[in-house]
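Inside the fold
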Amino acid sequence: MRWNESTEETLKQMETDPERGLSEEEAEKRLTAYGPNTLREKRKTGIAVKFFRQFNDFMIMVLLAAAAVSLSVTLVNGEGDFA
């Protein structure tokens, strides 16, 4: 882990010069070996997926089940007042 090492130790392990950095050849060699230093972009989540993820909670499911039971009892009793 480089966060707890001294600057000199890190420079020695990375085989670089603090004054000049990497040579062109070494930079090209590391680029082909390790690839570019970039992060992958995450795919954007669609609005429908975001909407349905809101229901992925236990309490929301309990409330929806309670609403369904309430609606079914109202319909069975013949009451037309849903409000």
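Look up: the structure comes first, before these words.
Okay, so let's go over this structure.

The rules we used
Residues numbered from 1 in each chain as written. Predicted model: local features only at pLDDT ≥ 70, side-chain atom pairs only at ≥ 80, totals over all residues. Heavy atoms only, no water. Helix = DSSP H or I, 4+ residues; strand = E, 2+ residues; numbered from the N terminus. Rg over C-alpha atoms; globule rule 2.2 N^0.38 Å. Buried < 20%, exposed > 50% of the residue type's maximum accessible area, 1.4 Å probe, protein only. Lys, Arg positive; Asp, Glu negative; His and termini not counted. Charge placed at Lys NZ, Arg CZ, Asp CG, Glu CD. Expected span 1.5 Å × (residues − 1).

**Focus on the overall build of the chain**
Helix and strand content of the chain: 4 helices and 0 strands. Taking 12 Å as the expected radius of gyration for a compact globule of 83 residues, we find that the chain reaches 30 Å, considerably beyond that expectation. The C-alpha extent of the chain, read off along each of the three principal axes, is 85 × 25 × 20 Å. Put simply, the chain has 83 residues, and 5% of those count as buried. Each charge sign in the chain was given a centre, from 11 positive and 14 negative side chains, and these centres are 5 Å apart.

**Description of helix H4 (residues 58-76)**
Between its first and last C-alpha atoms H4 spans 27 Å; for 19 residues at 1.5 Å apiece the expected length is 27 Å, and the two agree. Taken from the residues just after H4, Gly-78 is the one with a positive phi, measuring 80 degrees.

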